[in-house]
Amino acid sequence: MTYGWLDLAEAKLKVDRKAVLEGNKAHYKIDAFGNTKGAATLFGRVNDNWGTHLDTNSLLPSLSYRYIEEGKYRKNEKVYFDQINKKAKVELYDRENKALKEVKEYKLPDQVQDLVSGFYLLRAMDLTNLRKGQQILITGFFDKEIYNLKLIFEGTEKLETSLGTKETYVFSPQLPKNKLFRGDFPVKVWVTKDQNKIPVKIKANLFIGSLNSDIASANGLRNN
């Protein structure tokens with residue numbers, strides 16, 4: 001991730017080679033890691049882990065977790081999803097992620113994704129017949145609230161990446177207006193137009209400048 005000429009952070013998405021069991025059902029264990037680097041650590045160190053256990057058949061999460069270290073801020077949380085009965089149980093742990101502090105249960109309007117599983121759901125979709133301007137709606141549960149994320153398909157684009165020249169799908173998530181981003185659709189995501197659907201670039205237009213995330217490497221891909 002860069003801001004102008006500054007390298008600010010790096011991120012990694014990882015799918016474990018072995019499935020994990022939740023309720024006797026096989027799940028993908030998927031983790032997203034993010035941490036600051038270089039000069040950005042002077043403003044506060046970030047070391048985050050977001051993860052999901054994603055049912056290999058339904059592509060719905062049974063467990064979501066996040067372990068957040070941002071400066072002095074800490075948050076350690078697990079969310080257990082009952083997709084059949086439309087409930088979510090949220091467990092909040094202490095700063096050391098050892099003692100359980102709070103348990104709350106929430107009703108869900110329907111089957112939901114978390115932030116990590118929702119991204120992998122998009123990668124599992126057949127995108128070949130998308131029309132420019134078409135919307136993909138993903139319903140998610142995050143931070144005790146329901147979100148209906150709309151992804152607007154912007155078309156295709158050929159992009160130079162560290163993986164070579166790639167044909168990509170371009171999406172713009174519809175975000176609520178806020179003081180951080182500039183424009184109606186401030187974020188764009190480029191995903192390879194192949195069976196892997198790798199995210200190779202993300203650009204966010206801020207009120208001052210822009211943030212760019214560009215892929216560095218990818219390995220262990222199912223489709224070569």
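It should be emphasised that the depicted structure is a prediction, and the values quoted were computed from it without experimental measurement.

Draft legend 1. Representation of the packing of aromatic side chains within the structure. Under the definition given, this model contains eight aromatic pairs. With 5.6 Å between their ring centres and 25° between their planes, Tyr65 and Tyr67 make a pair best called stacked. Taking relative accessible area as the criterion, Tyr67 reaches 23% and is therefore assigned partly exposed. Taking 5.3 Å as the distance between ring centres and 85° as the angle between the ring planes, the aromatic pair formed by Phe119 and Tyr120 counts as edge-to-face.

Draft legend 2. Just the layout of surface pockets, in detail. Of the pockets and cavities examined, the second largest pocket occupies roughly 330 Å³. Lining the second largest pocket we find 15 residues, and of these Lys25, Asp55, Ser62, Phe81 and Gln83 sit closest to its centre. Within the residue set of the lining of the second largest pocket, elements represented by two or more residues are strand E5 (25-36), strand E7 (61-70) and strand E8 (73-82). Considered class by class, the residues forming the lining of the second largest pocket number five nonpolar, six polar and four charged.

Draft legend 3. Fine view of the side chain of Thr168. Along the chain, the position of Thr168 falls in strand E13 (residues 164-173). Those residues in contact with Thr168 that sit more than four places away from it in its chain are Gly155, Thr156, Glu157, Leu159, Trp190, Val191, Thr192, Lys193 and Val200.

Draft legend 4. Highlighting empty space enclosed by the protein. Within the structure shown, the criterion is met by one cavity of 30 Å³ or more. Of the pockets and cavities examined, the largest cavity occupies roughly 150 Å³. As for the largest cavity, its lining consists of 16 residues, and the residues nearest its centre are Ser64, Arg66, Glu77, Phe141 and Phe142. For the lining of the largest cavity, the class distribution of residues is nine nonpolar, two polar and five charged.

Draft legend 5. Representation of the pattern of salt bridges within the structure. Using the criterion set out here, one finds ten salt bridges in the structure. With a shortest N-O distance of 3.1 Å, Lys201 and Asp214 are connected by a salt bridge. Of this pair, Lys201 sits in strand E15 (residues 199-205) while Asp214 sits in strand E16 (residues 210-214), and the two are 13 residues apart along the sequence. Look at the salt bridges and you will find they share partners, linking Arg66, Lys75, Glu77 and Asp143 into a network.

Calculation rules
Residues numbered from 1 in each chain as written. Predicted model: local features only at pLDDT ≥ 70, side-chain atom pairs only at ≥ 80, totals over all residues. Heavy atoms only, no water. Phe/Tyr/Trp six-rings, centres within 6.5 Å; stacked < 30°, edge-to-face > 60°. Buried < 20%, exposed > 50% of the residue type's maximum accessible area, 1.4 Å probe, protein only. 1 Å grid on protein atoms, 1.4 Å probe; cavity = no way out; pocket = protein on both sides within 12 Å on 5 of 7 lines; lining within 4 Å. Points joined across faces, edges and corners; volume = space filled by probe spheres on them. Helix = DSSP H or I, 4+ residues; strand = E, 2+ residues; numbered from the N terminus. Nonpolar A, V, L, I, M, F, W, Y, C, P; charged D, E, K, R; others polar. Contact = heavy atoms within 4.5 Å. Salt bridge = Lys/Arg side-chain N within 4 Å of Asp/Glu carboxyl O.

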